[in-house]
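Topology and contacts: notes
Here is how the chains run, residue by residue.
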Amino acid sequence: MLVDASLLRLLRSKLSTARRVAGLSVSVFHAHPAEYSTTTTDSFRRRKIEGSNGNKESGGKWFTLPPFTKHVNGAAIGRQLAANASGGAKAGTETTALKWVLRCCPELPRSLVHKLFRLRQVRRESCTVESSQLKRVSAKDLLNIGDRIFLPISVQDSHAQNQELHEKQEGHCTEEEVNFIRSLELYKDSAVIVINKPPGMPVQGGIGIKRSLDELAATCLRYDHSEPPRLVHRLDRDSSGILVMGRTQTSAIVLHSIFREKTSSASKDDIDRNERILQKRYWALVIGSPQRPKGFISASLGKVVVDDGKSERITVIDKTQTIPSQHAITEYQVIKSTSHGHTWLELSPLTGRKHQLRVHCAEVLGTPIVGDYKYGWQAHRKWQHFPLSNIDEDPNENSAKENSRPFGLNLESGSICEKHPRLHLHCKKMILPNVSKALQSLQSSDYDLSKMESLELAAPLPAFMQKSWDILNS
């Protein structure tokens, strides 16, 4: 039987690679905890397969993923929890080949998985066909219960490189840095981990950012989990407070769906609810005082370019403008007014738009947040800092503390007694569904997600905001 020459060269190359790695056990798939397990397997399995012509290819060894089974639909559970619905979440019975590979192999880079599909290097063994021949499968092809997916053995090299990179990243964190990140923990269970984000630390990496919380969490907060914690929402770099991460792929999908649903479904009807399944409460110190002690802000936000295209900012967009915008709703309430012209506010965003609280405070209430030089620069031009006469503080001691902090963080300075105060915006409280309990309850046939208990989280103010609070109350 004729065999294409390029195929022969490929087989020789694969055979050579297989011989070099013979006997090695490769584990890329990670089994999830039992309460929301998708399937169980110890590792990928290498096996010889039959080619499309029916002959066995001695050098064509593949990694086999677990057979496709019914699995927990995290997005559906998140939507149901967000709606506080009483119906049961059904197990997912439709999944594409791409989603199944990503689900079974959370450590493989998404870019690599997409590339494997683009190069048509992924195969499927269908359970509905008696023949054991493997056929190419595209990323969007739906799987049947029992179907198996095969990946080329070359993914082993990628996995080894990822492991080596992870080990190097772990080596970059000193014991002091690991202890510092772990000291930020507010709550932890099998599904979520919650930290009190310090001000000045970026949540995600980017241009000019050397260390970010998502990277540090993968190194310092993984513990005995096979997967790193995943971000499910964001906080601005200069803000602080409660930051929630999912500890598994399933819990991250559920949490992300909850946050997304509460933003997309927020409306006047939602405003009237006494109990919202997801509640975020920020504390902010603002310049001035709102005309009313409490109320709701409903003002759409959009992005505009300023400084001749050099930068961009978020601003309130009215109906007469043609600029694309997103609806944004914020509930506010005065906590305490001071005789110095400042006010402490509790802000509860019903939606999750970029810089929503900062813009609503500055442009709608007319009370910019202290330390917000982007949206309240005019108010800060006349800033008068408070004297240090009533504060027992040694500036040299503060400098020593700053220099000794891991990652070069400055957590003490920035109160209202300084010429350039820091952003006084802190996510202090959060109420959200107990995702761990929800996933465990799926084992029962009579579970009711509408009666699921909630987690109530609280984060203390950072040192500089606490100092401002003490100064204004003295």
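Residues numbered from 1 in each chain as written. Predicted model: local features only at pLDDT ≥ 70, side-chain atom pairs only at ≥ 80, totals over all residues. Heavy atoms only, no water.

The name recorded for the protein in an unreviewed UniProt entry is Pseudouridine synthase RsuA/RluA-like domain-containing protein, from Rubroshorea leprosula. Heading Sequence similarities (unreviewed entry) of the UniProt record for the protein holds this comment: "Belongs to the pseudouridine synthase RluA family." (UniProt positions renumbered as here; feature names shortened; annotations may be inferred.)

1. Digging into the overall build of the protein
Helix and strand content of the protein: 14 helices and 19 strands. Put simply, of all contacts in the protein between residues at least 6 apart along the chain, 69% involve residues at least 24 apart. (Helix = DSSP H or I, 4+ residues; strand = E, 2+ residues; numbered from the N terminus. Contact = heavy atoms within 4.5 Å.)

2. Overview of the pattern of salt bridges
Counted by the stated rule, this structure contains seven salt bridges. The partner of Glu312 in a salt bridge is Lys303, and the shortest N-O contact between them spans 3.5 Å. With its nearest N and O atoms 2.8 Å apart, the salt bridge here joins Asp372 to Arg358. In this pair, Asp372 is assigned in the loop between helix 10 (356–364) and helix 11 (377–380) and Arg358 in helix 10, connecting sequence segments 14 residues apart. Put simply, Asp236, Arg358 and Asp372 are held in one network by salt bridges that share partners. (Salt bridge = Lys/Arg side-chain N within 4 Å of Asp/Glu carboxyl O.)

3. Re the packing of helix 6 (residues 175–183) against helix 7 (residues 213–220)
One way to put it is that helix 6 packs onto helix 7 with a least axis distance of 10 Å and a crossing angle of 105°. Taken together, the axes of helix 6 and helix 7 lie roughly perpendicular to each other. Touching Val178, Ile181 and Arg182 of helix 6 are Leu213, Leu216 and Cys220, all from helix 7. Taken together, the residues of the contact of helix 6 with helix 7 break down into five nonpolar, no polar and one charged. (Axes fitted to C-alpha atoms, helices over the stretch in contact; angles between N-to-C directions. Parallel < 35°, antiparallel > 145°, perpendicular 65-115°, else oblique. Nonpolar A, V, L, I, M, F, W, Y, C, P; charged D, E, K, R; others polar.)

4. Focus: the state of the cysteines
For the structure shown, the criterion picks out zero disulfides. Cysteine Cys173 remains unbridged, with the sulfur of Cys220 as its closest cysteine sulfur at 3.9 Å. (Disulfide = S-S within 2.5 Å.)

5. Some points on the nonpolar core
Counting residues in each nonpolar core, the largest one holds 59 residues, and the members touching the most others are Ile181, Ile242, Val244, Leu347, Leu425, Met430 and Leu432. Here this core takes five residues from helix 8 (residues 249–264), the largest share from any one element. Among all residues touching Ile242, those that are not within four sequence positions of it are Leu186, Val194, Ile195, His233, Leu235, Cys427, Lys428, Lys429, Met430, Leu457, Ala458 and Ala459. (Core = buried A, V, L, I, M, F, W, Y, C linked by side-chain atoms within 4.5 Å. Buried < 20%, exposed > 50% of the residue type's maximum accessible area, 1.4 Å probe, protein only.)

6. Points about the packing of aromatic side chains
All told, the structure shown has five aromatic pairs when counted by the stated rule. Seen in terms of ring centroids, Phe180 and Phe407 are 6.1 Å apart; in terms of plane orientation they differ by 55°. Their pairing is tilted. Here Phe180, found in helix 6, pairs with Phe407, found in the loop between helix 12 (395–404) and strand 18 (425–433); they are 227 residues apart in sequence, far enough to count as distant. Accessibility expressed as a relative area gives 22% for Phe407, which makes it partly exposed. Ring-pair connections join several aromatic residues into one group, and the members of that group are Trp283, Trp344 and Trp469. (Phe/Tyr/Trp six-rings, centres within 6.5 Å; stacked < 30°, edge-to-face > 60°.)

7. A closer look at helix 10
In an α-helix, one turn spans 3.6 residues; hence positions three or four apart end up facing the same way. Within helix 10, seven of the nine residues are buried, leaving the element largely enclosed by the surrounding structure. Taken together, the buried positions of helix 10 are Gln356, Leu357, Arg358, Val359, His360, Cys361 and Ala362. Gly366, located one to two residues past helix 10, shows a positive phi value of around 75°.

8. Quick look at the pairing of strand 9 (residues 192–197)
Among the six residues of strand 9, six are classified as buried, and the element is accordingly described as predominantly covered. The two faces of strand 9 match: Val192, Val194 and Asn196 on one face and Ile193, Ile195 and Lys197 on the other face are all buried. Where strand 8 (residues 185–188) meets strand 9, three bridges bridge the pair, whose relative direction is antiparallel. Bridge pairing in strand 9 places Glu185 opposite Ile195. Inspection of the sheet shows strand 9 paired to strand 11 (residues 240–246) by six bridges, in the antiparallel sense. Residue Val194 lies in a different strand from strand 11, and its bridge partner there is Val244. (Pairing = 2+ DSSP bridges.)

9. Describing the environment of Leu102
Structurally, the position occupied by Leu102 is in helix 3 (residues 97–104). Along the backbone, Leu102 and Gln249 are 147 residues apart, and their C-alpha atoms lie at a distance of 9.7 Å. Discounting chain neighbours no more than four positions away, the residues touching Leu102 are Arg110, Val113 and Gln249.

10. Points about the environment of Ile431
For Ile431, the position within the fold is in strand 18. Taking C-alpha positions, Ile431 is 6.3 Å from Leu457, a pair spaced 26 residues apart along the chain. Apart from the residues lying within four places of it in its own chain, the contact partners of Ile431 are Ile277, Leu278, Gln279, Arg281, Ser454, Leu455 and Glu456.

11. Concerning the environment of Ala252
Summarising the element assignment, Ala252 is placed in helix 8. Owing to a relative accessible area of 8%, Ala252 belongs among the buried residues under this scheme. Once the C-alpha coordinates of Ala252 and Arg230 are considered, the two residues, 22 residues apart in sequence, prove to be 6.3 Å apart. With near-sequence residues (within four places) excluded, Ala252 lies in contact with Arg230, Val232 and Gly246.

12. Details of the side chain of His233
Summarising the element assignment, His233 is placed in the loop between strand 10 (230–231) and strand 11. Looking at His233, its side chain comes within polar contact range of the main-chain nitrogen of Val244, at 2.9 Å. Apart from the residues lying within four places of it in its own chain, the contact partners of His233 are Ile242, Leu243, Val244, Phe259 and Met430. (Polar contact = N/O pair within 3.5 Å; in protein donor to acceptor, adjacent residues only side chain to side chain.)

13. Description of the pairing of strand 17 (residues 342–349)
When you tally the buried positions in strand 17, you get eight out of eight residues, the bulk of the element. Burial of strand 17 is two-sided: the residues His342, Trp344, Glu346 and Ser348 facing one way and the residues Thr343, Leu345, Leu347 and Pro349 facing the other way are all buried. Here six bridges tie strand 12 (residues 279–287) to strand 17, and the two strands are oriented antiparallel to one another. The residue bridging Ala284 from the neighbouring strand is Leu345, located in strand 17. Relative to strand 17, strand 16 (residues 329–337) is paired through seven bridges, and the arrangement is antiparallel. Within strand 17, the position partnered with Thr330 by the bridge is Pro349.

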